[in-house]
Amino acid sequence: MSETITLKRDLSLTHVVTMGLAWMSPMIFFTSFGVLHEGSGGMLLAAYVLAFAAILFTAASYGQMARAFPVSGSAYTYVSKAMNPFMGFIVGWVILLDYLFSCIVAVLMFGINLHAQFPTVPSYAWITLLTLVVMTINIIGIKTSANINKIFVMMQILFIASFCAFLAYKAVTEGFTAGLNPLSSTSGVSFSSILAGASLVCFSFLGFDSITTMAEETKDPKKTIPRAIMIIVIAAGIMYFVTAYLIQQLYPSLTFSHIDAAGFELMQMIGGGLLASIFTFVIIFSILAQGMASMTTVSRLLLVMGRSSLLPSKFSSIHPKFRTPVFNIVLVSIISLFAMFIRLETAIMFVSFGALTAFLFVNLSVIFHYIIRNKQREPKDLVFRLAFPLIGAGFVFYLITLLELSSLLLGTSWIALGLILYTINRARSAKDGVVLGEIEKAV
C-alpha cells in the first residue's frame, strides 16, 4: 500500500521560480556580505560578474539535463544516467553535503542576525525556533511552503529595489559621479584575488539547481524546470550586480567589527537604526524562506537516494496523509541544529565545495548524454551541448581549485565516508545492478 503513495504534482512555473529564489535568498547578498566582501578584496561586483559567467553556462547544462530526465534527484540522477551509477552516487553524496549545510547556513544566519538585533537572546534560541518552524511547514506540504515563500521572496525583492533606489538618491543629492569602469580596482587588488572571491560568491547563486529535485512535484517539468532555472539565475544576477555596483562606488572602503554581521553594520552605517530594523525584519522572513526551500531540497534528494537503495529504505518513505518525506524532514531538522557549533564562513565553504563539484559533473553529463551516448552532433549540439558545457566545466573546475584547503579536506573526507557507505550497501545487496535499475524505474 505504501508503494502507491506519491508526491503531489502541484507546482507551476511561478511556484518553482519562487522556491528557487527562496532557496537562493536574494538577501544572501547582505547576510554574507562581510565574508564575500573580504574574500573578494572589496571588488564584489567583479567577483559577481565572474561567478555569474560560470554559473550561466552551468545553469544551461542543468536545463539540458532536466529536459532529458524530468525526475527528482538533480545532479545525482543526471550523472547516474549519463555516466554511471557509481559516479552518480559520488556526486549525489557530495551535493548532499551542499544541501545539508545550506540548511545549517539558513538557521545559522537567522541566529546571527537576530542575536545582533536582540543581544540578550542567545543565538541557539533563534536557531532552535527557526528549525522547528521550518520543519513544521515542510511536513504540511510543498505547495504550502511555495505559497508562503512567494510572499517572502517579494518582500526581499522590494527591499533590495528600495535599498538601491535609496543609494541612487544619495548619489544624486551628494553630487556623486560613477566611475567609468566599475570593475576596475583602486585598491591594488589582484585579478587572482577577485577570482578567489568569485569562488565564494558562487554561493550567492546556489538555488537554481535545487528546483531540479522538485521535478516530480512540478507540472510539465520538461519545460517548466529549464525555464525556471534561467529566470532564477538572470533575476539574481541583475539584483546582485546593481546592488554591488552602488555599494562599491559609494563606499569603496568598508571595514566591519564583526564580519558575520557585516550586513547589519552596513545598514546602520547607510541608513541608521531605522534601516537596520527594516533590514532585520526582512532578513527574518528571507531566512525562513531559505530554510523552508533548503529543507525541501535535501529531503527530496534523500528520498531519491533511499528509493535507489543507496540509503536505507526508510529514506524513501512518504507520509500517507501529508505526502511528504516526513522522516527525512525530521532528520535534516536535527542535523540543522549543528549550526550552534559552526562558523558561517566555514559553512559557506562547505556548501561551495559540494555545489561546485556537482556543477562540474552536470556539465560533463551533458556531453556524455547528448554527444557521446546519443551521438547528437549537429552544429547546434556542438555549440550548446559540447562547447557550452566545456566552458562551464572549465570555469567551475578553476573555482574549485581556489577553495581553501580546509574546504577541500572536508569534501575529501565526506567522499571517503560515502565510499564506505556505498561499499556496505553494495555488499548487502542481493542483486547486482539494483542501483541502476531503481534509477531507471524513476525515470
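Everything below is about the structure printed above this text.
Residues numbered from 1 in each chain as written. Predicted model: local features only at pLDDT ≥ 70, side-chain atom pairs only at ≥ 80, totals over all residues. Heavy atoms only, no water.

## Things to note about the nonpolar core
As a rule of thumb, soluble globular proteins bury nonpolar side chains together. Where we set the bar: In these notes, a set of buried Ala, Val, Leu, Ile, Met, Phe, Trp, Tyr and Cys residues joined through side-chain atoms within 4.5 Å is what counts as a nonpolar core. Per-residue accessibility, obtained with a 1.4 Å probe over protein chains only, is compared with the maximum for each type, and a residue is labelled buried under 20%, exposed over 50%, and partly exposed between these values. Put simply, DSSP H or I for four residues or longer makes a helix, DSSP E for two residues or longer makes a strand, and each gets a number counted from the N terminus. By definition in these notes, contact holds between two residues if any of their heavy atoms fall within 4.5 Å.
Residues Phe30 and Tyr62 are the most contacted members of the largest nonpolar core, which totals 151 residues. Tallying contributions element by element places helix H6 (residues 85-117) first for this core, with 22 residues. Those residues in contact with Phe30, other than ones at most four positions away along the chain, are Phe159, Ile160, Phe163, Thr243, Ile247, Gly263, Leu266, Met267 and Phe279.

## Focus: empty space enclosed by the protein
As a reminder, the rule being used: Cavities and pockets were defined on a 1 Å grid built from protein atoms only: a cavity is a group of points that admits a 1.4 Å probe but offers it no way out, a pocket is an open group of points flanked by protein on both sides within 12 Å along at least five of seven lines, and a lining residue is one with an atom within 4 Å of any such point. Grid points are joined across faces, edges and corners, and a volume is the space filled by probe spheres set on the points. Under the scheme applied, nonpolar residues are Ala, Val, Leu, Ile, Met, Phe, Trp, Tyr, Cys and Pro; charged residues are Asp, Glu, Lys and Arg; polar residues are all the others, including Gly.
Counting across every chain of the model gives 3 cavities of 30 Å³ or more. Of the pockets and cavities examined, the largest cavity occupies roughly 60 Å³. In terms of lining residues, the largest cavity is bounded by Phe29, Phe33, His37, Gly42, Leu44, Ala244, Ile247, Gln248, Tyr251, Pro252 and Leu254. Contributions of two or more residues to the lining of the largest cavity are made by helix H3 (33-39) and helix H10 (221-250). It is H10 that contributes the most residues to the lining of the largest cavity, 3 residues altogether. Classifying every residue of the lining of the largest cavity by side-chain character gives 8 nonpolar, 3 polar and no charged.

## Focus: the packing of aromatic side chains
Aromatic rings in a pair are described by how distant their centres are and how their planes are angled relative to each other. Here is the rule: Centres within 6.5 Å make a pair out of two Phe, Tyr or Trp rings, where for Trp the six-membered ring is used; the pair is then stacked when the planes are under 30 degrees apart, edge-to-face when over 60, and tilted otherwise.
Scanning all chains against the criterion turns up 30 aromatic pairs. Ring centres 6.1 Å apart and planes at 85° place the aromatic pair Phe30 and Phe279 in the edge-to-face group. Placement of Phe30 in helix H2 (residues 28-31) and of Phe279 in helix H11 (residues 262-307) is noted, with a sequence separation of 249 residues between them. Like Phe30, the residue Phe279 is buried in the burial classification. With a centroid separation of 5.1 Å and an interplanar angle of 40°, the aromatic rings of Phe152 and Phe285 are classed as tilted. Of the two residues, Phe152 sits in helix H8 (residues 142-173) while Phe285 sits in helix H11, which places them 133 residues apart along the sequence. For Phe152, a relative accessible area of 10% puts it in the buried group. One aromatic cluster is present, formed by Phe29, Phe30, Phe33, Tyr48, Phe52, Phe159, Phe163, Phe205, Tyr240, Phe241 and Phe279 through successive ring pairs.

## With respect to the side chain of Ser80
Applicable threshold: Under this definition, polar contacts are N or O atom pairs within 3.5 Å; protein pairs additionally need one hydrogen-donor-capable and one acceptor-capable atom, and for neighbouring residues in sequence, both atoms have to be side-chain atoms.
Examined against the element boundaries, Ser80 turns out to sit in helix H5 (residues 74-82). From its side chain, Ser80 meets the backbone oxygen of Tyr76 in a polar contact 2.7 Å long.

## Some details on a nonpolar patch on the surface
Heads up, the rule is: Any residue with relative accessible area above 30% and no salt bridge may belong to a patch, with like charges joined within 9 Å and the nonpolar Val, Leu, Ile, Met, Phe, Trp and Tyr side chains within 5 Å. For the area figures, the Shrake-Rupley method with a 1.4 Å probe applies, and any residue is considered shielded solely by the protein chains shown. By definition, a salt bridge exists where a carboxyl oxygen of Asp or Glu is found within 4 Å of a side-chain nitrogen of Lys or Arg.
Taken together, Tyr124, Phe338, Met340 and Phe341 make up a surface patch of nonpolar side chains, about 480 Å² in accessible area. Tracing the sequence through the fold places Phe341 in the loop between helix H12 (326-336) and helix H13 (344-373).

## Looking at the pattern of salt bridges
Scanning the model with the defined rule gives 3 salt bridges in all. Arg307 is the salt-bridge partner of Glu216, the closest N and O atoms lying 3.0 Å from each other. Separated by 91 residues along the polypeptide, Glu216 in the loop between helix H9 (191-201) and H10 and Arg307 in helix H11 bring together distant segments of the chain. Among the residues examined, Arg307 registers a relative accessible area of 24% and is labelled partly exposed.

## Some remarks on the packing of helix H1 (residues 13-24) against H11
Convention followed: Between N-to-C directions, angles cover 0 to 180 degrees, with each direction set by a line fitted to C-alpha atoms, over the stretch in contact for helices. In this scheme, roughly parallel covers angles under 35 degrees and roughly antiparallel covers those over 145, while 65 to 115 is roughly perpendicular and the rest are oblique.
Running from N to C, H1 and H11 cross one another at 110°; their axes reach a closest spacing of 7 Å. By the angle class used here, H1 and H11 are roughly perpendicular. Of H11, the residues touching H1 (which contributes Met19, Ala22 and Trp23) are Ala289, Gln290, Ala293, Ser294, Thr296 and Thr297. Taken together, the residues of the contact of H1 with H11 sort by class into 5 nonpolar, 4 polar and no charged.

## Examining the environment of Ala59
Within the secondary structure, Ala59 is located in helix H4 (residues 44-68). Residue classification places Ala59 among the buried positions, given a relative accessible area of 0%. For the pair formed by Ala59 and Ile232, sequence separation is 173 residues and the distance between their alpha carbons is 9.5 Å.

## Considering the packing of H6 against helix H15 (residues 405-428)
Stated precisely, the cut-off is as follows: Crossing handedness is defined as follows: a turn of the near helix away from the far one that is anticlockwise and smaller than a right angle gives a left-handed crossing, while the clockwise case is right-handed.
Two elements in contact, H6 and H15, have axes whose closest approach is 10 Å; the angle formed by their N-to-C orientations is 130°. Put simply, H6 runs oblique to H15. Crossing of H6 against H15: the hand is right-handed. Between H6 and H15, the residues in contact are Phe86, Phe89, Ile90, Trp93, Val94, Leu96, Leu97 and Leu100 and Leu410, Gly411, Trp414, Ile415, Leu417, Gly418, Leu419, Leu421 and Tyr422, respectively. Considering only residue class, the contact of H6 with H15 consists of 15 nonpolar, 2 polar and no charged.

## A look at the environment of Gly411
For Gly411, the location among the structural elements is in helix H15. Residues Gly411 and Met43 lie 368 residues apart in sequence; the distance between their C-alpha atoms is 27 Å. Apart from residues no more than four positions distant in its own chain, Gly411 is found in contact with Leu97 and Phe353.

Taken by themselves, the reported measurements are silent on function.
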